[in-house]
Every structure is written in C-alpha cells, then in structure tokens.
Amino acid sequence: MTETAPSPTPAAAPKETKAQRAERMKLAKNPWNAWEEVRQFAREGRASVLPEWAGMYFKWWGIYTQGDGVGITGGVGGEGKASEYFMMRIGLPNGLLSAHQLHVIADITKKYARGIADITTRQNIQLHWLTIEALPEIVDALTEIGLSPKGACGDVVRNVTGCPLAGLHGHELIDASPLAVEIAHKLTANPDFYNLPRKFKISATGCPSWCSYPEINDVALTALKRTVDGKDEIGYSVRVGGGLSNEPHLGVRLNAFIPQDKAYDVVRTVCEIFREQTDLRQSRTHARIKYLFMKFGWTPERMLEAIEEKLGYTFDPAEEGPVADDIYRDHVGVHRQKQDGLSYVGATVLNGRLTAAQLHQLASLSETYGDGQLRTTIMQNILLVNIPNDMAQALAKEIVGIGLEVEPSVFYRGAIACTGTEFCKLAIAETKAFARWLVEEMEGRLPEFDQQLKLHVTGCTNSCGQSWIADIGLEGKKMKKDGVLVDAFYFCVGGAVGEHANIARQIGFRAAAEDCPEAIERLLRGYLSARGPGENLRAYFGRTSNEELRAQLAGAVVEAVERDPSPGRVPASVG
C-alpha cells in the first residue's frame, strides 16, 4: 500500500502591520461622519466604547484616551495603559480667541476637566479628565461659539498656526491671519483630506519674527517682499517638509515667489501631493512629508516642479529675503501696536498650564481693559490685545496678580514642557511639575544670567516639547540611581530656529531629574566664564566640543552615553 504524503501545513497569513491596520481603518470610516456613534457611547457608558474609536477614530475629533499617570513604563508594546478618561484639543486657527469663547472654555474646564487647561505649542487649548458622557456636551458647547476639536489630532490637516499679532504688529509685511483662517476653514475637517498618510501641519505668517516656527511645519508661508519695475510687491516664501519627532528635519525653502492670491492654492496643492504618496503609507514612523526629502530623495526643485505641474503655471524665482533674527518669538511684555493709542500685553504662562479661574480672569481682563480679543501663542502663552496705552501697565499688574508673568526671568520665559506622564501614554518622564521646579531652581541658582535661553522639557524622544530646537533640550527617560529607577533626562544642546537654525546636538549626557539643576548651572557658568565679547549662548555651544560640554554638565570628564531609541509609535501630537 502506497503511503500518501501529508499535505503541507498552510503558511500563516502575514500579521497586519500598524500602518496596514491604520490604512484599512481609514478607508472603512470617515470619523467626522460618525459622531452619532460617540453620542451612543455617551449614553451607554465607557465600557461601550469600541477599540477602534479608543485607539484611532477619536483622534479625528481632537480626542485621545488619557494615560493612567505612569506613562509608557506601565504598559506594553510601546504604549502605556489608558485610563477611563479622555483628553481633547480645541483648535484655534491663528490663535484667535474672543473673551466670550474663553469664558465658555473656562466653564467647560471647570465643569468637565477638573479645573485645568493647557495652551499647546500649536496655539490649541487642551483639556484632560473628560468622561465619555461629557464629550458630546463639550463638542456641542464649542460648536455654539464657533470652535471645534475637529482636526486637532489624526491623519489630517492640524490647527493652522500664525502670528498672534497678525494685523497688529508694526513691522509685519502683511496681515496673514485671513489666509491662515481661510486655510483652516477650507482644509481642516475637509472630507477630501480626512485620509492623509499622517498629520499635516501648516503655518502662515507675515510676522518678521516668524513666531509660528515655519521651519518645523509641513508647509509654511512667510511674507516676502520683492521689487518689480520699481514697485514693491508683497507675497510669500514657501517651505516644505519641516518637523521634529524622533527624526527632526528643518523645512526646505522652494525658490519661488508666491503671489498672495495663489498662496492658498499652493498650500492645498502640497497637501494633495502628500495625500498621493503611497510610499509614505507603508510605515507610520516614516509617514510625514519630510521623509520625501529624508528618505525618498526629493529635492526642493522636484517639489516645486510637482506643485507647478498640478497648478498648471510656474512661479518666479525669488531670493529668501531677511531671515528671522536669533530672538525670542513669544511677544511677551507690554508693547505698542501699529494702531495709534493701542498696546498689547503678552503674558507668559509657565508650561501653558492655566486654571479655570485664570481663564475666566483673562477673559474678563480683556473685556475690562480692551475689546475682548485674546491670542494664544506657540510658546504656550497668551496675549491681550487692543489695550489703550494708558491702561496697559495697569493690566500688566492685574495679570501678574492672577499668577502669570509679564516681565519673566529668562528661565521662566524660555520654558516649554509637553504633557508628560501626567496624561500621556507614550511619555517616560513627568514634565510639567518638573519644568516648574527646574525654573524655580535655576532662578535661585543663576539670578544674574542675562542671555536668551530656551529650556525645553519633553517626556520622551518624540519631542512634543520641541527639544530639538531648544538651547537646552531635555528628553525624558528612566535610569537607576542608588538602585532605584527614577525619572531622568538626556541632554541635547544648541538647537535654534531663524538666523542660526540648527537641530540640537546629542552630546551623550544624561542625569536624574533631581540632578538636572546642578548640571545646568555648571554648564551655564561655564559659558559665562568663557564667552567672548558679545558671544551668545548658541555661538558658544557651536564652538565648544561635545566632550567639553559633557564635562561641564557632569562636573568631571565622563564617557558619552547613547540616546534612547524611540519608545514606540510616534504620537499624533508631536512636531
């Protein structure tokens, strides 16, 4: 009897990748058309929330599941555990905000968010501790005042940023806020762009300070002046491919003069080009438009050709013009507007954290002293505008009286902090309270320090706190000290935008969180003792070796340590 060979075991189907799953889910549903499902979840309770909503679809509505306060170390697979609560971002195109809107946000914050709100690095306002039952009520309340969380997260066009002093700044080339708002209204929450490879960040500004950080946006417009036949013409310069995250890249400038009436068309066209890139949909880690330049060999010339081919016309070449100075980009303090008799007051909000009471107080102050207009900034601050000159100093005193600063120390002024383990499932270290303590420590240790200093704290390697463009950037990690696992930070130095644009250097030094003030004090005292006449901190870092900087931080010669790899997927909030 002849034996029959056994049938081969069928090969196991290949496991679906994160990118494949995301692409499948996006094709299956546009979350903006499915809000009634969320209303049903609210009626049935937290346990009814489907995993695909908790893990993905909520983001199209500016909503994330909130971490349990431990961060990534409490979870598996590169992500921490989700709590029963949610966090939500409220989009504010160009940072524009009225007192009435802010009063409503304050009421929402008090009723649903345990009384705290954060200004983000994209001019949004972020809330925490939200229950599933509260989400429809909050969205309805925001809709009534002309605001929405739509597009504040997800693989979509994000909140469009711009200069908070648009239309008010005496040195601006053009008021670009109408353009920023137009882009936001036409592209954010537009069903034609609900399924991009990943997030897409846009900035449009006429401000000479470039205070919306065009260098780190996916596409950014900055005002540009040229002279043709003896006549001045104002248009825009365009950059494409900026972004931070775990692999930073400064946007590349295209050699083109963009007329004002073509600016929106250019932005939309770049977004369309991004949408069409199937290569970028193969990996969630490499799905940003910057990877066309970093991984797929695109050049500025190729990008411009692609834009012009889609539009059906070409642009004149143009020199860049002046690049923004090496200055703060926060508009802090009391300053005159271009309107006769009016000033603005820029308040520094440490780490962007405000209470519901402070939100109400700021709204009321804007009504009492001005016309009820406020503006948020990407430095996590807030401005009150259109204040009569003779009332500006009194307003400044009132702002200080509610716990904010108008003339902050260099440490207070330059501090930025991401969400950290307090609420984020992907963070490794706590950030907000640490950054506040660090600022207080540095103010006490070096009250004489007289230089601009951007001190950015981010909870992991993904740079939500923009550590790559800071003078001193601290990336959260864990390390053992005296046998105990503690919060720690890896140091990067020398980052900048504008005149000295540069990605911060990894210098191979880390320290436990409690040891960071002493290390930074040593570093800055080293600069003060060694600087040449007029030499700023960025120039000093540029001429000083990693070994020397590391020795200053450590107080001794030490070997370099490696920077940690990314802890997992890139969060939807990062640069």
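That block above? That's the structure.
Residues numbered from 1 in each chain as written. Predicted model: local features only at pLDDT ≥ 70, side-chain atom pairs only at ≥ 80, totals over all residues. Heavy atoms only, no water.

## Considering the overall build of the protein
Put simply, the test is: We count a stretch as a helix when DSSP gives it H or I for four or more residues in a row; a strand needs E for two or more, and each element gets its number in order from the N terminus. Throughout, the radius of gyration refers to the C-alpha atoms, and the reference size of a globule is 2.2 Å times the residue count to the power 0.38. Buried means the residue's accessible area, taken with a 1.4 Å probe over protein chains only, is under 20% of the maximum for its type, while exposed means over 50%, and partly exposed covers the values in between. In this analysis, two residues are considered to be in contact whenever any of their non-hydrogen atoms come within 4.5 Å of each other. In these tables, accessible area is a Shrake-Rupley quantity obtained with a 1.4 Å probe, and a residue counts as shielded only by the protein chains included in the view. Counting rule for charge: Lys and Arg are taken as positive, Asp and Glu as negative, and neither His nor the chain ends is counted. In this description, the location of a charge corresponds to atom NZ of lysine, CZ of arginine, CG of aspartate or CD of glutamate.
Broken down by element type, the protein carries 16 helices and 20 strands. A compact globule built from 575 residues should have a C-alpha radius of gyration of about 25 Å, and the protein, at 24 Å, falls within 12% of that. Principal-axis analysis of the C-alpha atoms gives the protein an extent of 105 × 60 × 50 Å. With 575 residues in all, the protein has 60% of them scored as buried. For the protein, contacts bridging at least 24 residues in sequence account for 71% of all contacts bridging at least 6. With an accessible surface of roughly 22,500 Å², the protein has 50% of that area assigned to carbon and sulfur atoms. One finds the centroid of the 63 positive side-chain charges in the protein at a distance of 4 Å from the centroid of its 71 negative side-chain charges.

## Here's the deal with the packing of helix H14 (residues 516-530) against helix H16 (residues 546-554)
Two quantities define a packed helix pair, namely the angle between the helix axes and the distance between the axes. Put simply, the test is: Helix axes use the C-alpha atoms of the stretch in contact, all axes being lines fitted to C-alpha atoms, and the angles between their N-to-C directions lie in the range 0 to 180 degrees. Should an angle fall under 35 degrees it is taken as roughly parallel, and over 145 as roughly antiparallel, whereas 65 to 115 is taken as roughly perpendicular and any remaining angle as oblique. In this classification, Asp, Glu, Lys and Arg are treated as charged, Ala, Val, Leu, Ile, Met, Phe, Trp, Tyr, Cys and Pro as nonpolar, and every other residue, Gly included, as polar.
The contact between H14 and H16 brings their axes to 6 Å, and the two run at 130°. Viewed along their axes, H14 and H16 adopt a mutual orientation that is oblique. Across the interface between the two elements, Ala 519, Ile 520, Arg 522, Leu 523 and Gly 526 of H14 pack against Leu 549, Gln 552, Leu 553 and Ala 554 of H16. Taken together, the residues that form the contact of H14 with H16 break down as six nonpolar, two polar and one charged.

## As for the sheet that holds strand E4 (residues 116-119)
The condition that has to hold: Two strands make a pair as long as DSSP finds a minimum of two bridges between them.
Strand order in the open sheet formed by five strands is E1-E2-E5-E4-E13, and the pairing between neighbours is antiparallel. This sheet does not close on itself; its edge strands, each paired only once, are strand E1 (63-67) and strand E13 (353-355). The sheet shows a mean angle of 35° between the axes of neighbouring strands, direction not considered. Sheet topology places E4 next to E13; three bridges connect them, and they run antiparallel. Looking at E13, one finds that Asp 118 is bridged to Arg 353. The sheet strands contacting helix H4 (residues 99-112) are strand E2 (82-90), E4 and strand E5 (125-130), and the helix crosses E5 at an angle near 25°.

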